[in-house]
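Chain by chain, the residues run as shown.
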Amino acid sequence: MKKYLIFLLAVAFVIIGVLMCQGTLVQESSDGSGESQDYRSVDTLPMLISQVRKCARLYTAEYRVHKIVTHDDVLRLKGSVLQRQFNIKLPLGDRKIAIPIDAKLKAYIDFSQFSERNIERRGDHITIILPDPQVTMTSSKIDQQHVKQYVALARAHFSDAEMSAYEQQGRAAIIESIPSLGIFETAQANAAKVLVPMFTAMGYEEHQVTVAFRKHYDATDIQDLIKMED
């Protein structure tokens, strides 16, 4: 009977020991879960970058611009008589024209080369550095129906070559106006609307994600960022 009691006590100690080990293992697993979570957080970046690359060319803004080009062509007689200069406006020698031009601008961001270099992490905050935006003028045309012109009797009508030159002037003026249109700011805001949900789906809070361009683009940058497609 005494041996039987000793055997039962020994079995009880073994069971208690096993339970304590299991408790320790469970605790260690629980304590290590944070590290595992951190690892998964880091490991999700390649997946996230892959998802962003799938956006490829993300069109973020579209603007329709209406520009009126005016030209005032006055026929004048210039010369000198007795060493005196004269500059006389000839009667019936005026030509005037107003040419409305409609253009369509689209801004897009090419994510095909998006990589780890476009992501900065500081603690629990992440900053997405967008690739440089591109702006395309997808179309431009003269609104022939609303062209206004006045041609005096002594003058010839505007030629097709002149009309084409005025259209080019209008296109150049539209391109120069791009910085004031806010198209880059709109592109940035709309890109954020697409990218931020991707990062929040990976566990980030919205306030932890910042979307920005690598610099502020001024008028001197515009020519490098514009592409013509029409």
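Residues numbered from 1 in each chain as written. Predicted model: local features only at pLDDT ≥ 70, side-chain atom pairs only at ≥ 80, totals over all residues. Heavy atoms only, no water.

1. Topic: the overall build of the protein
So, step 1. In terms of helices and strands, the protein carries six helices and eight strands.
So, step 2. Ordering the α and β elements of the protein from the N terminus gives α-α-β-β-β-β-β-β-α-α-α-β-α-β.
So, step 3. Counting contacts in the protein only where the partners sit at least 6 residues apart, residues at least 24 apart contribute 82% of the total.
So, step 4. About 15300 Å² of surface is accessible on the protein, with carbon and sulfur atoms providing 55% of the total. (Helix = DSSP H or I, 4+ residues; strand = E, 2+ residues; numbered from the N terminus. Contact = heavy atoms within 4.5 Å. Areas by Shrake-Rupley, 256 points an atom, 1.4 Å probe, with all protein chains shown as cover.)

2. Overview of the confidence of the model for the protein
So, step 1. Overall, the predicted model of the protein reaches an average pLDDT of 74, with 72% of residues at or above 70.
So, step 2. When mean pLDDT is compared element by element in the protein, strand 4 (residues 125–130) scores highest at 90, while helix 1 (residues 2–31) scores lowest at 40.
So, step 3. Predicted confidence is poor over residues 2–42, with pLDDT under 50, and the contacts of this stretch with residues over four places away or in other chains come to three contacts. (pLDDT = per-residue confidence, 0-100.)

3. Comments concerning the packing of aromatic side chains
So, step 1. For the coordinates displayed, the defined rule picks out four aromatic pairs.
So, step 2. The positively charged end of Arg 95 is found above the aromatic ring belonging to Phe 158, 4.1 Å away from the centroid.
So, step 3. Residue placement shows Lys 106 over the ring face of Tyr 59; its charged tip is 5.5 Å from the ring centre. (Phe/Tyr/Trp six-rings, centres within 6.5 Å; stacked < 30°, edge-to-face > 60°. Lys NZ or Arg CZ within 6 Å of the ring centre and 35° of its normal.)

4. What about the nonpolar core?
So, step 1. Formed by 49 residues in total, the largest nonpolar core has its most connected members in Ile 99, Leu 105, Phe 111, Leu 130, Val 135, Ile 183 and Phe 199.
So, step 2. Counting residues per element, this core draws most heavily on helix 5 (residues 183–201), at eight residues.
So, step 3. Filtering out sequence-adjacent residues up to four positions away, Ile 183 remains in contact with Ala 61, Tyr 63, Leu 105, Ala 107, Val 135 and Ile 178. (Core = buried A, V, L, I, M, F, W, Y, C linked by side-chain atoms within 4.5 Å. Buried < 20%, exposed > 50% of the residue type's maximum accessible area, 1.4 Å probe, protein only.)

5. Observations concerning the sheet that holds strand 7 (residues 209–213)
What links the strands of a sheet is backbone hydrogen bonding, and the strands pair in either a parallel or an antiparallel sense.
So, step 1. In spatial order, the strands read 3-4-7; together these three strands make up an open sheet with mixed pairing. The open sheet has two edge strands, strand 3 (119–122) and strand 7, and neither has a second partner. Going across the sheet, the axis of each strand differs from the next one's by a mean of 20°, ignoring polarity.
So, step 2. Sheet analysis places strand 4 next to strand 7, joined by five bridges and oriented parallel. Its bridge partner being in strand 7, Ile 128 is matched across the sheet by Val 211.
So, step 3. On top of the sheet, helix 5 reaches strand 3, strand 4 and strand 7; it is set at about 145° to strand 7, its chief contact. (Pairing = 2+ DSSP bridges. Axes fitted to C-alpha atoms, helices over the stretch in contact; angles between N-to-C directions.)

6. Some details on the pattern of salt bridges
So, step 1. Counted under the stated rule, the structure contains four salt bridges.
So, step 2. Between Glu 62 and Arg 64 there is a salt bridge whose closest N-O contact spans 3.3 Å.
So, step 3. Taking relative accessible area as the criterion, Glu 62 reaches 40% and is therefore assigned partly exposed.
So, step 4. Exposure remark for Arg 64: the relative accessible area of 65% places this residue in the exposed category.
So, step 5. The residue Arg 95 makes a salt bridge to Glu 162 at a minimum N-O spacing of 3.0 Å. Here the residue Arg 95 occupies a position in strand 2 (residues 84–110), and Glu 162 occupies one in helix 3 (residues 160–176), the gap between them amounting to 67 residues.
So, step 6. Through salt bridges with shared partners, one network takes in Glu 62, Arg 64 and Lys 106. (Salt bridge = Lys/Arg side-chain N within 4 Å of Asp/Glu carboxyl O.)

7. Looking at helix 3
So, step 1. Across its 17 residues, helix 3 extends 24 Å between first and last C-alpha, which sits within 8% of the 24 Å expected from 1.5 Å per residue.
So, step 2. When we look at burial in helix 3, the residues that qualify are Met 163, Tyr 166, Glu 167, Gly 170, Arg 171, Ile 174 and Ile 175. (Expected span 1.5 Å × (residues − 1).)

8. A word on the side chain of Glu 167
So, step 1. Here Glu 167 lies in helix 3.
So, step 2. For Glu 167, which is buried and forms no salt bridge, the nearest opposite charge comes from Arg 171, at a distance of 5.1 Å.
So, step 3. Beyond its immediate sequence surroundings of up to four residues, Glu 167 is in contact with Ile 101, Ser 140, Lys 141 and Ile 142. (Lys, Arg positive; Asp, Glu negative; His and termini not counted.)

9. With respect to the environment of Ile 126
So, step 1. Tracing the chain through its elements places Ile 126 in strand 4.
So, step 2. On a C-alpha basis, the gap between Ile 126 and Val 211 in space is 8.8 Å, while along the polypeptide they are 85 residues apart.
So, step 3. Apart from the residues lying within four places of it in its own chain, the contact partners of Ile 126 are Leu 45, Ile 119, Glu 120, Arg 121, Phe 199, Tyr 204, Gln 208, Val 209 and Thr 210.

10. Here's the deal with the environment of Arg 155
So, step 1. Position of Arg 155 among the secondary structure elements: in the loop between strand 6 (148–151) and helix 3.
So, step 2. Assessed through its relative accessible area of 17%, Arg 155 is described here as buried.
So, step 3. For Arg 155 and Asp 94, which are 61 residues apart along the polypeptide, the C-alpha to C-alpha distance reads 7.3 Å.

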